[in-house]
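The lines below spell out each chain.
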Amino acid sequence: MILFNDTEIFTSGSGEKKVFDLPDTELMLYDNFFSKEVSDHYYTTLLNNTPWKEYAMEIYNKTITVPRMIAWYEDRNNLGANLSTPDWTPELLLIKEKVEKETLVDFNCVLLNLYRNGKDGVGWHSDREQNFGKNAIIASVSFGETRMFRLRHMFKKDVPQIEIPLHHGSLLLMAGTTQSFWQHQVQKTPKDILPRINLTFRQIHRRF
């Protein structure tokens, strides 16, 4: 029996806008970018209506299923776009519009990740995919359970790792040389936690 709505216990941020003073990165956090009420609506809608799929990848000649579920949307007029990609939903377009208005960047695709519980996460990596070009701008929106976003510099070992709690309704903007000099992760946790949905808006530039 459900005694309360899951969203009632999600933590929103303080509402501040923070620019991180770190080398080789342009990193900015908009805490509480979406209000609690709006975040609750998007969380519930995306959780229940997104065509979530498992994703398999090869590592060291082994095929593994990544510990999270994903969905992918992109503009149909993108060069090389998969015509089977689902149409942008009204909710995704509204989220995209607000992010673009704040960042002054036009995004043409979004990757959604569903972290179902503490057993889901993502290891250390940087988003340097060839399709996104050099100095890719990534706008990361979070709804649901707060998860810790960790970053580490790939070359300057004297620069300490940083931790950023990504709250319900937050926006994290990664730009400049972030993906060339920094790696990030969302670590698994043994805690019993609720789902988190993360949307990473990007600009795709395919090469053939």
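Relevant structure appears above.
Everything quoted here is computed from the prediction, not taken from an experiment. (Residues numbered from 1 in each chain as written. Predicted model: local features only at pLDDT ≥ 70, side-chain atom pairs only at ≥ 80, totals over all residues. Heavy atoms only, no water.)

Chemist: Help me understand the sheet that holds strand β11 (residues 182-186) in this model?
Modeler: The strands making up a sheet associate through hydrogen bonds between their backbones, and the pairing can be parallel or antiparallel. Ordered by their spatial adjacency, 4 strands build an open sheet running β6-β11-β8-β9, and the pairing between neighbours is antiparallel. For this open sheet the edge positions go to β6 (122-125) and β9 (162-166), each flanked by a neighbour on one side alone. Each strand axis lies, on average, 20° off the axis of its neighbour in the sheet, ignoring direction. One ladder, built from 5 bridges, connects strand β8 (residues 147-153) with β9; its direction is antiparallel. (Pairing = 2+ DSSP bridges. Helix = DSSP H or I, 4+ residues; strand = E, 2+ residues; numbered from the N terminus. Axes fitted to C-alpha atoms, helices over the stretch in contact; angles between N-to-C directions.)

Chemist: For this particular structure, what's the right way to read the layout of surface pockets?
Modeler: Where empty space is left in the structure can be found by rolling a water-sized probe over the atoms. The calculated volume of the largest pocket comes to roughly 1100 Å³. In this structure, the largest pocket is lined by 40 residues; those nearest its centre are Tyr 55, Ile 70, Trp 72, Leu 111 and Asn 113. When residues of the lining of the largest pocket are traced back to their parent elements, those giving at least two are β3 (53-59), β4 (62-74), β5 (109-115), β6, β11 and β12 (196-202). Considering each element in turn, the lining of the largest pocket owes the most residues, 6 residues, to β4. Taken together, the residues of the lining of the largest pocket break down into 18 nonpolar, 13 polar and 9 charged. Estimates place the volume of the second largest pocket at around 210 Å³. Residues of the lining of the second largest pocket, tallied by class, amount to 2 nonpolar, 3 polar and 5 charged. (1 Å grid on protein atoms, 1.4 Å probe; cavity = no way out; pocket = protein on both sides within 12 Å on 5 of 7 lines; lining within 4 Å. Points joined across faces, edges and corners; volume = space filled by probe spheres on them. Nonpolar A, V, L, I, M, F, W, Y, C, P; charged D, E, K, R; others polar.)

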